[in-house]
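# Report on the structure
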Amino acid sequence: MRTTYEDASVRLYHLDGGAEGGAANTLFYGPLSEAMRIASLQSEDVQDGLFIATDNDVVAYVDLLES
């Protein structure tokens, strides 16, 4: 993810593993710090399918945790 900050506006969404690529279900729009808090409250199975999108990038939630 490119450089960002805690108050950057992001979209937190879950990409399900359904047939034909699945569907993206938005969980939250707002500050990155709140998106990270909401993501941390999800089950591990859900966390594996979470993504955070900024205005110029998308990154998997679990990849953010590892960096």
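Attention here is on the structure that accompanies the text. (Residues numbered from 1 in each chain as written. Predicted model: local features only at pLDDT ≥ 70, side-chain atom pairs only at ≥ 80, totals over all residues. Heavy atoms only, no water.)

If a strand is regular, its side chains alternate between the two faces of the sheet. Here 7 bridges tie strand β1 (residues 9-15) to strand β2 (residues 24-31), and the two strands are oriented antiparallel to one another. Bridging from a neighbouring strand, S9 pairs with P31 of β2. By the bridge criterion, 4 bridges tie β1 to strand β3 (residues 50-53) in an arrangement that is antiparallel. Looking at the pairing, Y13 lines up with F51 of β3. (Pairing = 2+ DSSP bridges. Helix = DSSP H or I, 4+ residues; strand = E, 2+ residues; numbered from the N terminus.)

Our focus in this paragraph is the nonpolar core. Counting 10 residues, the largest nonpolar core consists of V10, L12, F28, L32, A35, I38, A39, L50, I52 and Y61. Of all the secondary-structure elements, those providing two or more residues to this core are β1, α1 (32-40) and β3. Ranked by residues supplied to this core, first place goes to α1 with 4 residues. Apart from residues no more than four positions distant in its own chain, F28 is found in contact with V10, R11, L12, E34, A35 and I38. (Core = buried A, V, L, I, M, F, W, Y, C linked by side-chain atoms within 4.5 Å. Buried < 20%, exposed > 50% of the residue type's maximum accessible area, 1.4 Å probe, protein only. Contact = heavy atoms within 4.5 Å.)

Let us now look at α1. L32, A35, I38 and A39 are the residues of α1 that are buried. For α1, the arc enclosing every buried residue in end-on projection is 120°, short of the 170-degree limit, so these residues lie on one face. Contacts from the buried residues of α1 go to β1, β2, α2 (44-47), β3 and α3 (61-66). (Arc of directions from axis to C-beta.)

Scanning all chains against the criterion turns up 1 aromatic pair. Ring plane angle 20° and centroid distance 5.7 Å describe the contact between Y13 and F51, whose orientation is recorded as stacked. Of the two residues, Y13 sits in strand β1 while F51 sits in strand β3, which places them 38 residues apart along the sequence. (Phe/Tyr/Trp six-rings, centres within 6.5 Å; stacked < 30°, edge-to-face > 60°.)

A word on the pattern of salt bridges. Applying the stated criterion across every chain, the model contains 1 salt bridge. E34 is the salt-bridge partner of R37, the closest N and O atoms lying 2.8 Å from each other. On the criterion of helical spacing, the pair formed by R37 and E34 is a turn pair, its members being 3 residues apart in helix α1. The class of E34 is partly exposed, set by a relative accessible area of 28%. (Salt bridge = Lys/Arg side-chain N within 4 Å of Asp/Glu carboxyl O.)

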